[in-house]
There are 6 protein chains.
Amino acid sequence: MKPTIQKDLKDLLLTGLKDDGFGLDWTTLGTSSVKNRQSLTAVISAKACGVFLGETLALAAEAASVEIGLPFKVRALSSDGQAVKPGTKVSEWKGSAAGILALERPYLNLASYLSGIATRTRVLVDTVESEWKRKKHSGIAPRVTSTRKILPHYRDAAISAVMAGGGFAHRVSLSGGVLIKENHIAAAGSIRDAVEGARSVAPHGLKIEVEVRNLSELKQALHCKVEIIMLDNFTPSEVGKAVASIASFDYSPLVECSGGISEKTIAAYALPGVHILSIGGLTHSVTALDLSLLVK
Amino acid sequence: MKPTIQKDLKDLLLTGLKDDGFGLDWTTLGTSSVKNRQSLTAVISAKACGVFLGETLALAAEAASVEIGLPFKVRALSSDGQAVKPGTKVSEWKGSAAGILALERPYLNLASYLSGIATRTRVLVDTVESEWKRKKHSGIAPRVTSTRKILPHYRDAAISAVMAGGGFAHRVSLSGGVLIKENHIAAAGSIRDAVEGARSVAPHGLKIEVEVRNLSELKQALHCKVEIIMLDNFTPSEVGKAVASIASFDYSPLVECSGGISEKTIAAYALPGVHILSIGGLTHSVTALDLSLLVK
Amino acid sequence: MKPTIQKDLKDLLLTGLKDDGFGLDWTTLGTSSVKNRQSLTAVISAKACGVFLGETLALAAEAASVEIGLPFKVRALSSDGQAVKPGTKVSEWKGSAAGILALERPYLNLASYLSGIATRTRVLVDTVESEWKRKKHSGIAPRVTSTRKILPHYRDAAISAVMAGGGFAHRVSLSGGVLIKENHIAAAGSIRDAVEGARSVAPHGLKIEVEVRNLSELKQALHCKVEIIMLDNFTPSEVGKAVASIASFDYSPLVECSGGISEKTIAAYALPGVHILSIGGLTHSVTALDLSLLVK
Amino acid sequence: MKPTIQKDLKDLLLTGLKDDGFGLDWTTLGTSSVKNRQSLTAVISAKACGVFLGETLALAAEAASVEIGLPFKVRALSSDGQAVKPGTKVSEWKGSAAGILALERPYLNLASYLSGIATRTRVLVDTVESEWKRKKHSGIAPRVTSTRKILPHYRDAAISAVMAGGGFAHRVSLSGGVLIKENHIAAAGSIRDAVEGARSVAPHGLKIEVEVRNLSELKQALHCKVEIIMLDNFTPSEVGKAVASIASFDYSPLVECSGGISEKTIAAYALPGVHILSIGGLTHSVTALDLSLLVK
Amino acid sequence: MKPTIQKDLKDLLLTGLKDDGFGLDWTTLGTSSVKNRQSLTAVISAKACGVFLGETLALAAEAASVEIGLPFKVRALSSDGQAVKPGTKVSEWKGSAAGILALERPYLNLASYLSGIATRTRVLVDTVESEWKRKKHSGIAPRVTSTRKILPHYRDAAISAVMAGGGFAHRVSLSGGVLIKENHIAAAGSIRDAVEGARSVAPHGLKIEVEVRNLSELKQALHCKVEIIMLDNFTPSEVGKAVASIASFDYSPLVECSGGISEKTIAAYALPGVHILSIGGLTHSVTALDLSLLVK
Amino acid sequence: MKPTIQKDLKDLLLTGLKDDGFGLDWTTLGTSSVKNRQSLTAVISAKACGVFLGETLALAAEAASVEIGLPFKVRALSSDGQAVKPGTKVSEWKGSAAGILALERPYLNLASYLSGIATRTRVLVDTVESEWKRKKHSGIAPRVTSTRKILPHYRDAAISAVMAGGGFAHRVSLSGGVLIKENHIAAAGSIRDAVEGARSVAPHGLKIEVEVRNLSELKQALHCKVEIIMLDNFTPSEVGKAVASIASFDYSPLVECSGGISEKTIAAYALPGVHILSIGGLTHSVTALDLSLLVK
């Protein structure tokens, strides 16, 4: 089962159409001798390797085409999360020519963005898992997660893309998690005060996570029995020391590494005792996956 | 004078707050022993080199802070379009602690995205201009322009970012320009039919642009006296031949190159006779500029 | 092919229903002994001569009827842009009585407004074309275009109506055209400065249009080689002189007349050398075309 | 005290700005060498005789200018409902040049539309009152009222304009009045059934109004003691007969005439015994009042 | 025929889904091994006695399920306004498991709220009618009506619920009725001034209602021949005196009692000469009717 | 520090004004001889005992009054969460008479609703705490929490009200918590499968909660080491047995009781070993707190 964001995607597509002033598309109006509802078939293909995320989006495009009175039908040729390469056909659209041409650009803009997120996530997840196997570690390799570094209007969609690439969500919103950072600790006076304060107000279903910058802060947090430790900007070797320090305590918090993790460095962070690797760049620096639509 | 998109940016910030479920931010609620309106001063700085685009956005954040009843004041320390490097202070915020902490993430998400676009544009523009000077060409170097490959909700903001980096807008929407592409030619039957059709319907203030894939199509378009020629996916040497071919005609259309232009290849496209270099990646593949907020 | 504004029209109809507080329509609630979905057939007819623009709108009404859970089916009896006279049947609606009665007034309000615009445009276009033939001018008669004098929420719909009457769009928005007016010239310092300023920032696909108030300004504009000249509030004889003056230059800009053009005066402006006649009144002073719905 | 629709008007102005794509106004961007917030003074004047309705709208424009970050201040020079003639100054705006130029067109579009409604209403009201005095009738002359023939998004604004011209509102919405028409009578079976049905469901604060097409229907309605009679498409002499017939009954309903009332015929309908004259054309066929803004 | 608020209800359901962040429902995502569109059948039943109001709402849920791309079909097992008891099946849903589980909570929240209003109304209406019969009064028992004490977004829906329980609407909005209260009288100077002022501006289809606090005010209002008298916070015996006083006047206004009416006291207010009993608590203090959904 | 929902509250107030059609408030228009901005002072007081929640809402009303162009100033006389009794003054408003009268009803509707929730919560919280002290239990008494049984548009506001009354939030949305219920277990096949499934997809910051209906299910859940156990519809004595059973396990999950908890029964559930008492009725069945506004 996948996140159910088809409605969000339809709304984004309709906004894309509005941004385009599509009602008065002079080029199409001038070059089509045909009527509005004349039929057409088009195929969308990948032009690069990556993870495709445009199947549900295509259903949303189908729904949007009905909404604007220019309906077409979609046939999925690749599924969300599927690996594609140049030439892989991903979707076939059949119906209103005007509808297909209007939705082409908004669809491609969104699909290439979401697929770009999924693709980058998949690369990082695969790197972690390969390293894990290569080193023959037991247990489960660390999760790769996104952060809240996501553009307004794109929260759920971008998280879905991370999941399609094999990654996981961090807290979805400020009301869906507790993450005590530097500024919060400063405001509360100490890690202990911050943790107690958070425990006294947060819903009972949320774990308390604390971001630490060094081993001293780490120990303070562990003394508070926080459920999750975030090692902020630790080098891999510092992570190793931190994990050892944690092991000396009488409970087992989750351990997250954050900061400085990229395609180049992630393997070094895939260490036993680390459970989560969070990467802002998954969603804030996206390379679009090249997709194109061709009228048959 | 700059594009006037402060209202758009405020709306995006408010959406960012909504995505964040900021009303019930358990961490801040739990760790602040202070009242909602307690004052705070924070400074935002760059952590990388690039072109900053967050001055107007900060004014929008100030307006958003009033809207949510948690007001703070903004003092600009860098201006939109200014070059920054690690450590450059860009903005100072003073006022409601809750307001500053709530708007921190939406502001940074947007500022780093827009600055990322401006930064990439600046690099490409500078490359073109250096090459132009190096080769001692006369006249004006080609414009670097964006395309319509922009996420829904971000059209005007992204174009503003391209402009802040020294680039230019292409048509803003389908109703604000005419660009005849492969599919339109197919629909109309021929380049001549497509051009005549477009001329017969488009507002008189719009030039007719035709995308051509080879020299044969180029000549057909020139025979129609189209105001703008787009050379689609031409190599630099093919562009040279096209420019020569165009020079043999009795009028001087604008010439645009599109497809395959990147940091690596753009210098080779900065050729006399070429007026516009359009690059989808300016807006579809953005590397965020690293910015961070620190409470004083 | 026609502008694709069915979605806009549906949104306007739904707003019309909301304005009407249609959910609690006491009269219909009290006088119908029938159930919500009981069927009905109604026919909409013209009660005056004019150009009908309500076919796409009726499809939008059909879609709106589904949206509110009171569906009916529409059969077009006249098409958009068709000439009608008293008694001409234009649309047949069959289905939910409550749906038909609820949408009757919003549909008629919009259809009579849009048809009113189309009708007035047609009269002016016909006058221009008759005069052109009568005078045996060669080439194409001037276009009749609308302006931006359109009520908020009605931009695309009103332009579509002008087109249905045989007219053309002027720039659709400020981002889709360049028109330098008196205030801009004052701000820039001179016509030359204004034109150069506009050229330096406008997208390459937009022509530069300058509004001139006299022959002196006209010459300045021509020296700048602006693509379009707007003769503002020129009498027909002054237009004649302007056209002669333009002919003495070495290029051929488009020439637009604006100001003081109405049913009474337009024939006098249909002069060779004039390409565009723009008329604010097409959209700011509309006489609704009388249409009515009758339950069979 | 006047209707309080400043918020509605601000929303309409902001929509007008959006329709205009005002953020990327190439002309203003290109011709202003000045910064966004540079100051300017502009004066709006009437260019024709009529009733002005743009004072509250100017306050809404002031509020909108703040909303978009380009603030200016408004000084009212004429008040809502005031008679103006060519040259009458109505409003002075002082502040952000970009703000004033952006809001100029949306303001003028709305002000000339609303003033157009007020102006036409005033003419009709004055005609009725002159006729009443001329004939030396006692009591109060009939009210001139609008109908529901108002474009979506403009219900309250248009009614306010009718009131500014000395007219009155009819029911504002379907939930704010009961008006039994031909179709309702057909649905209910008879006038009696329709009236009883409406009485059984309508809120107790609403009077029952019935539209009648002839004297026979009039009598049926009078037998039901309906509070308001609408004489639909009666000639003035038929109205006279109807009034006489009503006088023979033992109660005094309000009497409304509707259909065929215009500047030419309204005096003939200003008859004793008639209380309301309703005219769809007040709002469906509006001639804009000419207003213009000049930068000082 | 019932109020036609299916669209309002669908919008409320979609808002409910948004409040729930339903796109990333971790529990359902994690526990369903099944695909998004796998089928399911669920039955909704009452768990308490009351008046059901969820039939139209279920159709709205069906429409919402299509909107979010997770469609199911609804079969009504009870109709709006029907009496139910524990175990009464009210609705069967068949289709997308994800759609049914997502809409379960928003549907139940709304249905139990609306049914709660209908249930309370029914109890009060039945009490009035029983008392009326018990006392063998002739004529019609007083209406039970709601007030404007309704939460934002719920005006029409709550009024529909009151009607489903056998009650009536008071004025739907400030533009759909005239009710002169204490503050208005103070502002106008006297009851006479207030009534004359209201008559001079209100649409002709609205009756004038005045709230009086004692017999002296009552007489003033009666001298103004107001169409409706509201006896504010009168005890039953004071109401009796007021009714007697009214009977001594030469016309028969409607009489409304308001304030202090509840399940305990309403029978005492069901007096001849009283036409309306209005009760804010019908909508401001609602006890939800217990309903639950069970997957078959 | 309190939840920051002033913006939400302002939006609700503006919706309330729209529901009221406040622009054409005939009563106020007719009875005020004064101008729109004439000043007034009004005081809002409690008319019953309870917990007040209207201080932030009054600030939102102040902001809304500016938004509609009828500004007034608010002075808080009671603070959010404060106990009030009949006669306690809670807020003073000073400024535009029209603004105060327009916002009176929406403010009171919302304030009495939110205060009603806070009041009921306070009663239940006090009962639990009294019982805890009376029985001399050590540790912390169970939390009283709300559920997701909240009307659309009111999620954050209602949770804030619960908190103002001393209660706590449950998960705010489906994306902010994991709660495995009967239907999920059925879908997954077993409690173990459901828990493993949820763990495999949920963000790492969320605890897993499982609803159990009997001791057998309880044991299965405990064997899965779920972080939270919800005892669904257990009687107090069954809860006792469950707590004993839990104590025999080697870890200490949180224990929540849900179902059948009310003012009458809650004391019996305040048992050692129980951490959370969740009550749908806190938000689905609200008795409004009586508040009224009086013009001075």
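Cut-offs applied
- Residues numbered from 1 in each chain as written.
- Chains lettered and ligands numbered in written order.
- Predicted model: local features only at pLDDT ≥ 70, side-chain atom pairs only at ≥ 80, totals over all residues.
- Heavy atoms only, no water.
- Least-squares fit on C-alpha atoms with pLDDT ≥ 70 in both.
- Contact = heavy atoms within 4.5 Å.
- Helix = DSSP H or I, 4+ residues; strand = E, 2+ residues; numbered from the N terminus.
- Buried < 20%, exposed > 50% of the residue type's maximum accessible area, 1.4 Å probe, protein only.
- Phe/Tyr/Trp six-rings, centres within 6.5 Å; stacked < 30°, edge-to-face > 60°.
- Lys NZ or Arg CZ within 6 Å of the ring centre and 35° of its normal.
- Pairing = 2+ DSSP bridges.
- Axes fitted to C-alpha atoms, helices over the stretch in contact; angles between N-to-C directions.
- Domains from an automatic or database assignment.
- Buried area = accessible area lost by both parts, 1.4 Å probe.
- Salt bridge = Lys/Arg side-chain N within 4 Å of Asp/Glu carboxyl O.
- Polar contact = N/O pair within 3.5 Å; in protein donor to acceptor, adjacent residues only side chain to side chain.

### Let's talk about the relation of the copies chain F and chain D
Phase 1 of the analysis: Between the two copies, chain F and chain D, the superposition gives an RMSD of 0.0 Å; the rotation angle is 120° and the shift along the axis is 0.0 Å. Look at the turn and shift together and you get a three-fold axis relating the two. Minimal C-alpha separation from the rotation axis in chain F is found for Glu 67 of chain F, amounting to 6.0 Å.

### Here's the deal with the relation of the copies chain F and chain E
One copy of the chain maps onto the second through a rotation around an axis plus a translation along that axis.
Phase 1 of the analysis: Note on the identical chains: chain F maps onto chain E by a rotation of 180° and an axial translation of 0.0 Å, with an RMSD of 0.0 Å. Within this description, the copies of the chain are treated as partners about a two-fold rotation axis. If distances are taken from each C-alpha of chain F to the rotation axis, the shortest is found for Val 286 of chain F, at 3.0 Å.
Phase 2 of the analysis: Here 100% of the contact residues of chain F are again contact residues in chain E; the copies associate through an equivalent surface.

### Description of the arrangement of the chains
Phase 1 of the analysis: When C-alpha atoms are compared, chain A and chain D, though not in contact, are closest at a spacing of 10 Å.
Phase 2 of the analysis: The two partners chain B and chain E share no contact, and the minimum distance between any of their C-alpha atoms is 10 Å.

### Observations concerning the environment of Gly 177 of chain D
Phase 1 of the analysis: Note that Gly 177 of chain D resides in the loop between helix H5 (155-164) and strand E7 (178-180).
Phase 2 of the analysis: The class for Gly 177 of chain D is buried, based on a relative accessible area of 4%.
Phase 3 of the analysis: C-alpha of Gly 177 of chain D to C-alpha of Ile 208 of chain D: the two residues are 31 residues apart in sequence and 7.8 Å apart in space.
Phase 4 of the analysis: Setting aside its immediate chain neighbours within four residues, Gly 177 of chain D contacts Trp 26 and Thr 27 of chain C together with Arg 171 and Leu 206 of chain D.

### Notes on the environment of Val 201 of chain F
Residues and elements named next belong to chain F.
Phase 1 of the analysis: Position of Val 201 relative to the elements: it lies in helix H7 (residues 191-201).
Phase 2 of the analysis: The class for Val 201 is buried, based on a relative accessible area of 15%.
Phase 3 of the analysis: It is 28 Å that separates the C-alpha atoms of Val 201 and Val 274, two residues lying 73 residues apart in sequence.

### A word on the packing of aromatic side chains
Phase 1 of the analysis: In total, this model carries 21 aromatic pairs over all chains according to the counting rule given.
Phase 2 of the analysis: Judged by centre distance (4.8 Å) and plane angle (15°), the ring pair of Phe 72 of chain C and Trp 93 of chain C falls under stacked. Residue Phe 72 of chain C is found in strand E3 (residues 72-76), and its partner Trp 93 of chain C is found in strand E5 (residues 89-96); the two are separated by 21 residues along the sequence.
Phase 3 of the analysis: Here Phe 72 of chain C falls in the buried class, since its relative accessible area comes to 3%.
Phase 4 of the analysis: Exposure remark for Trp 93 of chain C: the relative accessible area of 0% places this residue in the buried category.
Phase 5 of the analysis: Ring centres of Trp 93 of chain C and Tyr 107 of chain C lie 4.9 Å apart, and the angle between their planes is 75°; on these two criteria the pair is classed as edge-to-face. Within this pair, whereas Trp 93 of chain C is found in strand E5, its partner Tyr 107 of chain C is found in helix H4 (residues 97-134), the two being separated by 14 residues in sequence. In this pair, the class of Trp 93 of chain C matches that of Tyr 107 of chain C, namely buried.
Phase 6 of the analysis: One aromatic cluster is present, built from ring pairs that chain together Tyr 113 and Tyr 154 of chain A together with Tyr 113 and Tyr 154 of chain B.
Phase 7 of the analysis: Positioned above the aromatic ring of Phe 168 of chain A is the side chain of Arg 143 of chain A, whose terminal nitrogen or guanidinium carbon lies 3.9 Å from the ring centre.

### A closer look at the sheet that holds strand E1 (residues 39-46) of chain E
Residues and elements named next belong to chain E.
Phase 1 of the analysis: Ordered by their spatial adjacency, four strands build an open sheet running E3-E5-E1-E12, and the pairing between neighbours is antiparallel. Pairing within the sheet leaves two strands with one partner each, and these edge strands are strand E3 (72-76) and strand E12 (291-295). This sheet shows a mean twist of 20° between the axes of neighbouring strands, independent of strand direction.
Phase 2 of the analysis: Direction of pairing for E1 relative to strand E5 (residues 89-96): antiparallel, over a ladder of seven bridges. Pairing of Ser 45 across the sheet is with Lys 89, part of E5.
Phase 3 of the analysis: Of the strands in this sheet, E3 and E5 are in contact with helix H3 (residues 55-67), which crosses E3 at around 170°.
Phase 4 of the analysis: The strands touched by helix H4 (residues 97-134) are E1, E3, E5 and E12; relative to E5, the strand with the most contacts, the crossing angle is about 155°.

### Some details on the domain arrangement of chain A
Residues and elements named next belong to chain A.
Phase 1 of the analysis: Domain annotation for chain A reports domain 1 (5-120 + 286-295) and domain 2 (122-284).
Phase 2 of the analysis: With centres defined by C-alpha atoms, the gap from domain 1 to domain 2 works out at 36 Å.
Phase 3 of the analysis: Contacts between the two partners involve 15 residues from domain 1 and, on the opposite side, 18 residues from domain 2.
Phase 4 of the analysis: Overall, the association of domain 1 and domain 2 removes approximately 1,400 Å² of surface from exposure, summing both partners, and the carbon and sulfur fraction of that is 63%.
Phase 5 of the analysis: Considering only the side of domain 1, the residues that lose the most area to domain 2 are Tyr 113, Ile 117 and Arg 120, jointly responsible for 43% of the buried surface there.
Phase 6 of the analysis: The interface formed by domain 1 and domain 2 contains one salt bridge.
Phase 7 of the analysis: Put simply, Glu 263 and Arg 120 hold a salt bridge, and the shortest N to O gap is 2.7 Å.
Phase 8 of the analysis: Counting every contact that joins domain 1 to domain 2 gives eight residue pairs in polar contact (both at pLDDT 80 or more).
Phase 9 of the analysis: Per-element tally for the side of domain 1 that touches domain 2: the top contributor is helix H4 (residues 97-134), with seven residues.

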